[in-house]
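One letter stands for each residue in the lines below.
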Amino acid sequence: MTTGPVTGDAERVRLTGVSKTYPGAEGDTVVLAPTDLTIEPGEFVCVIGPSGCGKSTLLNILAGFLPPTAGTVRVGDRVVDGPDPDRGVVFQQANLYPWLSVRGNVEFGPKVRGVPKATRRADAQRLLELVGLEHLGDRKPYELSGGQQQRAQIARVLINDPGIVLMDEPFGALDALTRERLQRELRTLWRERRKTVLFITHGIEEAILLGTRILVMGTSPGRIIHDVTPDFPGDADFATLRAHPGFAALRDELAHHIYAAHP
């Protein structure tokens, strides 16, 4: 596997007894059952499962957007009690500032941090090229398609170089060709920088192509029901992975766990 800088122990993520319950007139609804989970620095963890299994709840708790009902989340020795710029989040729907250009949106984080204009402009251009928007930097978000807006959001998160990247179905709105291009680029970025990534997806194949570890979640209540580490060559390209004899077997294994829990 191509190696790069690996985040230190300070970025190890630990969930201990983390749960989320919402009260209701007819009783409490347990969205996430008590969950223990450790994500090691540099892991690319994909989370799959049907709608309503608590995937986004788990991500929002890790991001600090949603407090757990019980349990604690720690990054290193720090308790997560709110958002932090070192945990970058890519949402399902792009949340760009409509009054800024695409380039202005990507540059926003570095600008707030006081990064010199020339530096942030060069970094923004590099990220825009990465997501295929280098020719649209001067457009406003409303002039872009939904898929283009999502690509701009991804660039806006990556330019801040967070230690942990949380991605909530970031490629779901993209066409198949663009989705695979960004999957490849994301995998390349991970190999070079070894960021810790939590990536939510409905796609079993996407999880296998991207993840160094795959979690399957079940419902009623939301919980982790399967945890697997794919045994594939770390530097293999997508075509090689798809042709690997273990690829179909792992796809069937993951599908079995999903469908067994949700017949």
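Keep in mind that what you see is a predicted model, and the values were worked out from it rather than measured. (Residues numbered from 1 in each chain as written. Predicted model: local features only at pLDDT ≥ 70, side-chain atom pairs only at ≥ 80, totals over all residues. Heavy atoms only, no water.)

Visitor: Any chance you could explain the UniProt feature "domain: ABC transporter" (unreviewed entry) in the chain here in plain terms?
Guide: The UniProt entry lists residues 13-244 under the feature "domain: ABC transporter" (unreviewed entry), expressed in the numbering used here. Taken as a whole, residues 13-244 contains 34% helix and 26% strand, while its terminal C-alpha atoms sit 31 Å from one another. (UniProt positions renumbered as here; feature names shortened; annotations may be inferred. Helix = DSSP H or I, 4+ residues; strand = E, 2+ residues; numbered from the N terminus.)

Visitor: Before we go on, may I ask you to explain the packing of aromatic side chains in this structure?
Guide: The description of two aromatic rings rests on the distance between their centres and on the angle between their planes. A complete count under the given rule lists 7 aromatic pairs for this structure. Put simply, the rings of Phe44, Phe171, Trp190 and Phe199 pair up and form one aromatic cluster. Between the NZ or CZ atom of Arg156 and the centre of the ring of Tyr97, over which it lies, the distance is 5.1 Å. (Phe/Tyr/Trp six-rings, centres within 6.5 Å; stacked < 30°, edge-to-face > 60°. Lys NZ or Arg CZ within 6 Å of the ring centre and 35° of its normal.)

Visitor: Could you clarify how one ought to interpret helix H3 (residues 117-130) in this entry?
Guide: Note: α-helices contain 3.6 residues per turn, so residues at a spacing of three or four share the same orientation. If you check H3, its first and last C-alpha atoms are 20 Å apart, about what 14 residues at 1.5 Å a residue would give, namely 20 Å. Within H3, burial applies to Arg120, Ala124, Leu127, Leu128 and Leu130. The buried residues of H3 occupy an angular sector of 150° when the element is viewed end-on, so they sit on one face. Tucked into the core, H3 has its buried residues touching helix H2 (102-112), helix H4 (146-158) and helix H5 (176-193). Two residues or fewer past H3, Gly132 is found with a positive phi of approximately 75°. (Expected span 1.5 Å × (residues − 1). Buried < 20%, exposed > 50% of the residue type's maximum accessible area, 1.4 Å probe, protein only. Arc of directions from axis to C-beta. Contact = heavy atoms within 4.5 Å.)

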